[in-house]
Structures are given as C-alpha cells and as structure tokens.
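Listed below are the residues making up each chain.
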Amino acid sequence: MNYKMMGKFIGRILIVEAVFMVPAMLISLWEKEFASVIAFMWSLGALLVAAGALLWLGRGSQKKFYAKEGLACVGLSWIAMSLLGCLPFYLSGVVPNYIDALFEIVSGFTTTGASILPQVEGLPRGILYWRSFSHWLGGMGVLVFLLAISSTGGNGFTMHLLRAESPGPNVGKLVPKMRKTATILYLIYILLTVLDVIFLLLGDMPLFEAVCTAFGTVGTGGFGVKNDSIAGYSPYIQNVCTVFMLLCGVNFSCYYLLLVKQFKSVLKDEELRLYLGVVLGSILLIVWNLRGFYATLGETVRHAAFQVVTIMTTTGFATTDYELWPGLSKAIMLCLMILGASAGSTGGGFKCGRALLVAKSLHRSVRQVVHPQKVQVVRLNGHAVDEKVLQNTNAYLAAYAITVVFSFLLVSVDGFSITTNLSAVLACFNNIGPGFDAVGPTCNYSAYSAFSKIVLTWDMLAGRLEIFPMLILLSRSTWKHR
C-alpha cells in the first residue's frame, strides 16, 4: 500500500472541505450567529491541522497507485471528511450528540437526506447552509472536484479514484484526459444548479432558500430548510423541483453527448429509455391508483410525479405523506427505492444500468440452456459488454443483498417494526432518506439507538460509494504489503 500517497491525497481532500466550509462561516458571521461562527472556526482549525499532518507525512511519496489504493483512498477520504465535517453541528450545540452529528453529515455528503433533527426551521442559517451544501459537495463527488481543479498524477491514478467514487457499473472517459472529463462533469453540474436557482427565484422563493433547495435538488439529497420539506411551497416550485430532480437522475454523459450534438446516441441510450419509461409508467399507475384521493386530477398528477421522481432519483423531498396512499402505490414506491436512478448521475440506488445488465445476463443464461453450443453475447446500446463488467455487476448484486440483509438484522435489535427497519436500511443504503412507518416522510431517525445509527451511517457510505470501497477497508489483504 502506498500510504504516503494516500495520506497526501486525503490531506488535499480535507483542504477542499475546509475551503467549502468558509462560506457557511461567513453566513453565520453575517447573521451574527456567534456560537456557529466559533464552531466553524474550531472545525476549520481541526481540518487544517489534520490536512497539514497528512500532507507532511506524505512528503516524498511515490506516484505508483493501484486499484486497491484507489478504492481504499476513496473510502478513507469520505470517512475523514465525515468525521471532521460533522464538527460544526456538534460544537455549535445544534446536534449535542456526536454520533447524531456524524449521522447527519454523512446523510448530507452521501445525498441521503435521512435526518435525526425533528425541526430545522429554527436552525442557524450558517448551519442550514452547510447542511444543504453537503448534498451538493457529495452529489458529484469531492474527489471528482479535486481531479477537476488539480493535476494529481497519471491516468491510472485518476481513473482508479474516479471509478471508485462515481456511481454505476462502469466508468469511462468522456474525453481522453481524466482531468478534462472531471471538469466537464462539474461544469454541467454547476450549470444545472444555476438554472435551478434561477427557476426557483422566478417562483418568488427567497434567495437563501432557493440556493439550499437547489443544492438538495441537483445533488439529489433531500435536506430541506422547512419542516414540511417542499409541501408548503407553490405548485410551480414543486414542479420545478420535479423537473430538475428528473434531469439529475440522468447519466451526465448524455448531456455531454447533447453538447457535442450526438443526438442519436442519446436517443438510442437503453438506460435512459428504461429510466424515463419507469418514471412515466410509475406515475400513470399511481395516478390511476389514487383516483379520488385528491381533489383534482392535476393535484393527483403533481403529487404522483413529484414522489415518483424524488424516490427514484433518491432525492427524498416530499410534498405529501405517501404513507397514506393505497398499498399498490406504496409497493411501487418501494420498488423505485431499490431500482434508483441512472449510472453516472447524482442519484443512488441499484441503478437502471445495472438492472439492464442483470436482466440481459439472465436472458443470456436462459438462451444458453436452450442453445448450449451457441456463443451468446450481452449487448448494451449496440456494443458488446465486457465479461468483467458483467462479473462485477453480479458481484455487486450479491454484495447488495448481503449488506441489506445483514444491516436489517443488526438494526432490528431496536425493536421497531419490520417495515420500519427494512425501509430504513433500504432508504439509507440507496441514499433516499425517508422510508415507511416510523421513518416515513413525516418522521425522522432520531429514535434509533447509537448502534443502529452507526450501522445506518455505514450503509449510507457503502451505498454512495458502491459498496466495494467500504468493504475493501475491512479486508486484511488490503493492508498487506506487496
């Protein structure tokens, strides 16, 4: 293991986190929230001291970097970010328990949106900003940001990092150089955020609320600045959020293809067609199932569309209490929780791309039983899929199932209902936020024990990082010398 190089990179990550924490401190200073200012100052000090120590230990590091270093580095970076990023919550007294503060910031960075806070409207504005900005920072990935702004080594090094942090069954380059790929991704991300803020301002939303809501929408996070999430806003604002959540659940490479005028490639994208087809089909089914539930058809369509998109993109905002919906609608929502958004988007879940590969692999297996002598090739978007990608997808499916089952058993020690515990695990692991029953859209996770919160925190990190960067940290072979 190249410990020096890993320490050097994690140190850089902590410096990036410190820089992004400064605006939150300045907002607290502007609002005269002096307890928050002091909390941010101590937090910045801790980040800079930790970063300085890691950079000093990383002096003279070699640039040899392999896949296991990349995976371990990503997992350790996110853990370090979370352990120090939660300090403003804890030191300001907003969240007096450190485990709760850690749960809250991990929920933010992983764009989960699960919260232990019963009320958010009375929180200091600087804290609210940092809480919402954590979605935006974690949505595209802080390591991707670092790759975009600095030269960090050879292509092998950067590819290992991008592959470990980016969601989806496979990560490829949009352009030959990885730094340029990361830059393009972030420019698209920033553009969507700015457009979202503009459209929210056109709906008379205050600037601070528009910015925080855009962070949660584009980052598909779900932390709101109101106790009722998005329910209290106008239908126009709810519809704007629906559109931008839907857009950010699309693979960002599709936007790049649109920019370079490769329209046919986008139209032929099988994952995009599956994603949009599932969204439209789910909305139509739920609207049919909710007939007579709301006063008008327009209101029914609005709530159905919002909840389908917010769950499938794993955002977690809410405009209504879907716990009151009929059983079929809730069953559809549960399935959407598991499926998730597109690979290469800011959304979580199993991913539509993986679901396609699993279905195609199953179809091939059936054909091989019928025609055992015939060579069967799995194709996606007209191209043959590498067998390593299929193996990784099957391994991910196994790891996904084992993690969910094991986590469900662990959190069940708290004595909540099966519905509560299973939906809590699925909501955290798939980075959704609200689940069902005691963790539904009108509830929170504060009732869970410290042990269960640690389990769910690990689930959020594992879900955001696609399991393997977290699992590799638990393997003894990872830490053995070559």
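Anything mentioned here points back to the structure above.
Remember, it's a predicted structure, so these values are computed and weren't measured experimentally. (Residues numbered from 1 in each chain as written. Predicted model: local features only at pLDDT ≥ 70, side-chain atom pairs only at ≥ 80, totals over all residues. Heavy atoms only, no water.)

Student: What is the right way to read the packing of aromatic side chains from this model?
Tutor: Remark: the centre distance and the inter-plane angle together describe each pair of aromatic rings, the angle taken between the planes. Summed over all chains, the structure comprises 26 aromatic pairs. For the cation-ring pair, R354 lies above Y396, with the distance from its terminal atom to the ring centre recorded as 3.7 Å. (Phe/Tyr/Trp six-rings, centres within 6.5 Å; stacked < 30°, edge-to-face > 60°. Lys NZ or Arg CZ within 6 Å of the ring centre and 35° of its normal.)

Student: Can you help me understand helix α17 (residues 352-370) in this one?
Tutor: Spanning 19 residues, α17 covers 27 Å between terminal C-alpha atoms, matching the ideal 27 Å at 1.5 Å per step. Taken together, the buried positions of α17 are occupied by C352, G353, R354, L356, L357, S361 and R364. In this structure, the buried residues of α17 make contact with α14 (270-289), α15 (297-312), α16 (327-339), β1 (379-380) and α18 (387-411). (Helix = DSSP H or I, 4+ residues; strand = E, 2+ residues; numbered from the N terminus. Expected span 1.5 Å × (residues − 1). Buried < 20%, exposed > 50% of the residue type's maximum accessible area, 1.4 Å probe, protein only. Contact = heavy atoms within 4.5 Å.)

Student: How do you make sense of the packing of helix α10 (residues 207-218) against helix α11 (residues 235-248) when you look at a structure like this?
Tutor: Packed helices, taken two at a time, are described by the angle between their axes plus the distance between the axes. In contact at an axis separation of 8 Å, α10 and α11 are set at 40 degrees when each is read in the N-to-C sense. Between α10 and α11, the crossing angle belongs to the class labelled oblique. Between α10 and α11, the residues in contact are T213, T217 and V218 and C241, F244, M245 and C248, respectively. Counted by class, the contact of α10 with α11 contains five nonpolar, two polar and no charged residues. (Axes fitted to C-alpha atoms, helices over the stretch in contact; angles between N-to-C directions. Parallel < 35°, antiparallel > 145°, perpendicular 65-115°, else oblique. Nonpolar A, V, L, I, M, F, W, Y, C, P; charged D, E, K, R; others polar.)

Student: How should I be thinking about the side chain of T457 in this particular structure?
Tutor: Examined against the element boundaries, T457 turns out to sit in helix α20 (residues 450-464). For T457, a relative accessible area of 9% translates into the label buried. Of the polar contacts made by the side chain of T457, one reaches the backbone oxygen of K453; its length is 2.6 Å. In this structure, T457 is in contact with F103 and V106, ignoring residues within four places of it in sequence. (Polar contact = N/O pair within 3.5 Å; in protein donor to acceptor, adjacent residues only side chain to side chain.)

Student: Looking at this structure, I do not really get the environment of F306. What am I missing?
Tutor: Within the secondary structure, F306 is located in helix α15. Placed 253 residues apart in sequence, F306 and A53 show a C-alpha to C-alpha distance of 46 Å. For F306, the contacting residues outside a window of four places in its chain are I230, Q238, C241, T242, M245, F317, A318 and T319.

Student: What exactly am I supposed to notice about the pattern of salt bridges here?
Tutor: Note that side chains of opposite charge can pair when their charged atoms are close. By the definition in use, this model includes seven salt bridges. With its nearest N and O atoms 3.6 Å apart, the salt bridge here joins E209 to K226. Placement of the pair is E209 in helix α10 and K226 in the loop between α10 and α11, with a sequence separation of 17 residues. A salt bridge links E387 to R364; the shortest N-O distance between them is 2.8 Å. Of this pair, E387 sits in helix α18 while R364 is found in helix α17, placing the two residues 23 residues apart along the sequence. Accessibility expressed as a relative area gives 13% for R364, which makes it buried. Salt bridges sharing common partners tie together K351, R354 and E466. (Salt bridge = Lys/Arg side-chain N within 4 Å of Asp/Glu carboxyl O.)

Student: Please explain the nonpolar core as it appears in this structure.
Tutor: For soluble globular proteins, nonpolar side chains are generally found buried alongside one another. In terms of nonpolar packing, the biggest core is built from 133 residues, with W130 and Y445 touching the most fellow members. In this structure, V378, V385, V389 and L390 belong to the second largest nonpolar core, which totals five residues. (Core = buried A, V, L, I, M, F, W, Y, C linked by side-chain atoms within 4.5 Å.)

Student: Where do I start with unusual backbone geometry in this structure?
Tutor: Note: most peptide bonds trans; most residues except glycine with negative phi. If you check the backbone angles, K32 has positive phi at about 60 degrees while not being a glycine. We classify K32 as exposed; its relative accessible area is 64%. Positive phi, close to 55 degrees, is recorded for N381, a residue that is not glycine. In this fold, N381 is placed in the loop between β1 and β2 (383-384). Residue class for N381 comes out partly exposed when judged on its relative accessible area of 32%.

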